[in-house]
Amino acid sequence: MSAAEKSRPKLAVWKFASCDGCQLTLLDCEDELLPLASTVEIAYFLEASSAIGPGPYDLSLVEGSITTPQDAERIRHVRRVSRRLVTIGACATAGGIQALRDFADVREFAAVVYARPDYIATLERSKPISAHVPVDFELRGCPIDKRQLLEVITAFLAGRRPVVPGHSVCVECKARGNICVLVAHGTPCLGPVTQAGCGALCPAFNRGCYGCFGPTETPNTRALNAQLRRLGMSDPDLVRVYRTFNATEEPFLQASEEAEGDA
Amino acid sequence: MDVVVLQSLEPLIEALTSSGYTVVGPRVEDGAIRMAEISSGADLPAGVGDVQKPGRYRLTSGDDGMVFGFAASPDSAKRYTQPPRQTLVRVRDEAIEEVEQEAPRVALLGLRACDLAAVAVQDRVFAGGRHPDPAYLRRREALFLVAVNCAVPGGTCFCVSMGTGPKAVAGFDLAITELASPHRFLVETGSERGGEIVALIPHHPATSVDIDAAEEVSRTAASRMGRQVDTDGIQEWLPAAHDSPRWADVASRCLSCTNCTMVCPTCFCSTVEDVTDLTGQVTERSERWDSCFTLDFSEVSGSHVRSSGLARYRQWLTHKFATWYDQFGTSGCVGCGRCITWCPTGIDVTEELACIR
């Protein structure tokens, strides 16, 4: 191993309860992947290589939520061997789509799905990484955006704060020149309460925002709900639009509960 | 000022194109009348109108053949005077590279009087004072402004209240009034280069009938404002209403989504972002549209000066209608009504001002 190689920061990518899509975003970097691999040592990334480089690691990217007692233990190990820990994606940052089971009894689900539910060891709730260990940065999205991922890694390498704004999708929509689908088409859209990062992808194709990146820094879901109701959305539909990838993030949870009449 | 009549806009579009301008004008895209590149008069929205209400925009269709029978487009000149993102400077291996910002030659066809007023406001902001922005000046110089006098104001228009319209009186290279029966276009020349373009195309001098008809268009439009604002004494009473209970009311409806500021043709706020590349050898500083409705906008030393939606809405409205005078000597509002139409929850500044007063 050359001296230069020794000095490269070590990157690790970890998977918990998740679909692997956010890890794949790293491999999707394509043009930037080789420069990345020459800037950092990709020491642990089972999605890409079964070779395991020893820790500790300078930067750990963590995908997935914590849903089992074993994972609750494993994330503590990851934290111990990581200088910086960055969560990637809605699962690791907000509990993910699997947190929908938090709204029901997980034992009942297990009984329905598995022939031998007694073999299943699972926690009551699907929780974000930050519920178990301290996290240095949370990158949102389902899946994450590759430009934002590269920005976070680059910022880490430079020792600066990542440029990942907490404002709404509307800012990106207007910069991109999209028409507002909510105003011009009456299409329900979560953009005004959803954090930017995707580049306003869905509205660019005349779809409403699905809220993949979770709540903005200051979401006013009550005001948006009132408008969505005026556009004809029913309360059960309102509950559904907030209960997707970030269902248990507090502002979206409150929004769906408000629509359910619990708030 | 020369006043001529054109039977068709086709030769005008051709003359602008052959003079090296990309012609950007109204065309129907995605259920709205956008300002987009056009290559012929056939791209113009013949017979298309719009219905604008707080938080609602819909197109209508008719068979009158009028190509400017609609109110303010969601797009103003802002995208061309102040692009959404621009790289300011690049540092490579500790050497500073000046980034030449683009100043494309664009003819904006179809700007309204409110849009021209907004450009004049931006001129004061970016080109006035002791530190004019050279990139802005080059972009402005490269723009050819073809105004259209409004015939059919929208439901959210209030340019008459703001003293900016509906007739374009200054700040244009050419100003068009579309006339019916027979369908024709009265064109006023507002600059030397405007006159040079008119000289390139077939036209005949306007008669008193044409001129009277055009004046009638503007008179009728002025009587059809969808909204109004009483601006009398607004510089005093609006800042003095700092503790009005109405702020909490409007904040309960405000999404802090930034749409009002993004569509506003005078809102100029931006932020600066510094990014590095993977090697750490190249650093770029860029400027992008920002808004006083984002939390980061008022972040100072790690905390937020205006952390509540109430504080942000109050700051925006008070600045736009009152303290803008203190800063730039004019109102920040030109009465185009875009912030009303494009607010997802339909907050109406004219209604808020009336209630606050």
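Computed from a prediction, not measured in an experiment: that's the story for all the values here.

## Observations regarding the interface of chain B and chain A
- Every contact between the two is made by 40 residues of chain B and, on the other side, 41 residues of chain A.
- Interface of chain B and chain A: buried area, both sides summed, is about 3,000 Å²; carbon and sulfur atoms make up 56% of it.
- Applying the counting criterion to the chain B and chain A interface returns 1 salt bridge.
- Among the salt bridges present, the one from Arg161 of chain A reaches Glu299 of chain B, with a minimum N-O distance of 3.5 Å.
- Listed by contribution, the elements that provide at least two residues to the side of chain B that touches chain A are β3 (32-37), β5 (56-61), α9 (246-253), α10 (259-263), β13 (270-276) and β14 (282-289) of chain B.
- When residues of the side of chain B that touches chain A are assigned to their parent elements, the largest contribution, 4 residues, is made by β13 of chain B.

## A few points about unusual backbone geometry
- In this structure, the amide linkage connecting Gly55 of chain A to the following residue, Pro56 of chain A, adopts the cis form with an omega of -5°.
- Structurally, Pro56 of chain A is set in the loop between β2 (41-45) and β3 (57-63).
- Residue Pro182 of chain B follows Ser181 of chain B across a cis peptide bond; omega there is -5°.
- Residue position: Pro182 of chain B is located in the loop between β10 (174-179) and β11 (184-189).
- A positive phi is found at Glu30 of chain A, a non-glycine position, where the angle reads about 45°.
- Here Glu30 of chain A lies in the loop between α2 (21-27) and α3 (33-39).
- Of note, the phi angle at Thr258 of chain B is positive, near 85°, even though the residue is not glycine.
- Relative to the helices and strands, Thr258 of chain B is located in the loop between α9 and α10.
- Taking relative accessible area as the criterion, Thr258 of chain B reaches 1% and is therefore assigned buried.

## Let's talk about helix α3 (residues 113-127) of chain B
Residues and elements named next belong to chain B.
- The terminal C-alpha atoms of α3, which comprises 15 residues, lie 20 Å apart, in line with the 21 Å expected from a rise of 1.5 Å per residue.
- With 11 of 15 residues buried, α3 lies mostly within the body of the structure.
- Every buried residue of α3 is listed here: Ala113, Cys114, Asp115, Leu116, Ala117, Ala118, Val119, Val121, Gln122, Val125 and Phe126.
- Packed against the buried residues of α3 are α2 (78-81), β8 (106-111), α4 (134-141), β9 (143-148), α11 (309-328) and α12 (338-341).
- Looking one or two residues beyond α3, the residue adopting positive phi is Gly129, at roughly 75°.

## Let's talk about the pattern of salt bridges
Residues and elements named next belong to chain A.
- Considering all chains together, one arrives at 39 salt bridges over all chains under this definition.
- Of the charged contacts, one joins Asp20 and Lys15 as a salt bridge, the two residues approaching to 2.4 Å between their closest N and O atoms.
- Classification of Asp20 as buried rests on a relative accessible area of 17%.
- With a relative accessible area of 32%, Lys15 lands in the partly exposed category.
- Glu258 is the salt-bridge partner of Arg229, the closest N and O atoms lying 3.5 Å from each other. With Arg229 in helix α11 (residues 221-230) and Glu258 in helix α13 (residues 250-260), this residue pair connects regions lying 29 residues apart in the sequence.
- Overall, the relative accessible area of 17% leaves Glu258 in the buried class.

## Here's the deal with a nonpolar patch on the surface
- On the surface, a cluster of nonpolar side chains totalling about 570 Å² of accessible area is made up of Val112, Val113, Tyr114, Tyr119 and Ile120 of chain A.
- Tracing the sequence through the fold places Val112 of chain A in helix α6 (residues 106-113).

## Overview of α9 of chain B
- Considered for burial, the residues of α9 of chain B that qualify are Arg246, Trp247, Val250 and Ala251 of chain B. Projected onto a plane normal to the axis of α9 of chain B, the buried residues spread over an arc of 135° and lie on a single side.

## What to know about the UniProt feature "domain: NADH:ubiquinone oxidoreductase-like 20kDa subunit" (unreviewed entry) in chain A
- Feature annotation in UniProt places "domain: NADH:ubiquinone oxidoreductase-like 20kDa subunit" (unreviewed entry) on residues 19-155 of chain A, given in this structure's numbering.
- Span residues 19-155 of chain A is 36% helix and 16% strand, its end C-alpha atoms 26 Å apart.

## A short note on the packing of helix α12 (residues 235-242) of chain A against α13 of chain A
All names here are of chain A.
- Two numbers describe how α12 lies on α13: the axes approach to 8 Å, and their chain directions differ by 170°. One finds that α12 runs roughly antiparallel with respect to α13. Crossing geometry of α12 relative to α13 is assigned as left-handed. Note on element contacts: α13 touches α12 through Phe252, Ala255, Ser256, Ala259 and Glu260, opposite Asp235, Leu238, Val239 and Tyr242.
- A class-by-class count of the residues in the contact of α12 with α13 yields 6 nonpolar, 1 polar and 2 charged.

## Focus: the domain arrangement of chain A
All names here are of chain A.
- Each assigned domain of chain A is listed with its residue range as follows: domain 1 (3-158) and domain 2 (169-260).
- For domain 1 and domain 2, the distance between their C-alpha centroids amounts to 26 Å.
- Across the contact, 17 residues belong to domain 1 and 17 residues belong to domain 2.
- Across the domain 1-domain 2 interface, the total number found is 1 salt bridge.
- The partner of Arg140 in a salt bridge is Glu249, with the nearest N and O atoms 2.8 Å apart.
- Taken together, domain 1 and domain 2 are joined by 5 residue pairs in polar contact (both at pLDDT 80 or more).

Cut-offs and rules
- Residues numbered from 1 in each chain as written.
- Chains lettered and ligands numbered in written order.
- Predicted model: local features only at pLDDT ≥ 70, side-chain atom pairs only at ≥ 80, totals over all residues.
- Heavy atoms only, no water.
- Contact = heavy atoms within 4.5 Å.
- Buried area = accessible area lost by both parts, 1.4 Å probe.
- Salt bridge = Lys/Arg side-chain N within 4 Å of Asp/Glu carboxyl O.
- Helix = DSSP H or I, 4+ residues; strand = E, 2+ residues; numbered from the N terminus.
- Buried < 20%, exposed > 50% of the residue type's maximum accessible area, 1.4 Å probe, protein only.
- Expected span 1.5 Å × (residues − 1).
- Patch = residues over 30% accessible without salt bridge, like charges linked within 9 Å, V, L, I, M, F, W, Y side chains within 5 Å.
- Areas by Shrake-Rupley, 256 points an atom, 1.4 Å probe, with all protein chains shown as cover.
- Arc of directions from axis to C-beta.
- UniProt positions renumbered as here; feature names shortened; annotations may be inferred.
- Axes fitted to C-alpha atoms, helices over the stretch in contact; angles between N-to-C directions.
- Parallel < 35°, antiparallel > 145°, perpendicular 65-115°, else oblique.
- Left-handed = near helix turned anticlockwise from the far one by under 90°.
- Nonpolar A, V, L, I, M, F, W, Y, C, P; charged D, E, K, R; others polar.
- Domains from an automatic or database assignment.
- Polar contact = N/O pair within 3.5 Å; in protein donor to acceptor, adjacent residues only side chain to side chain.

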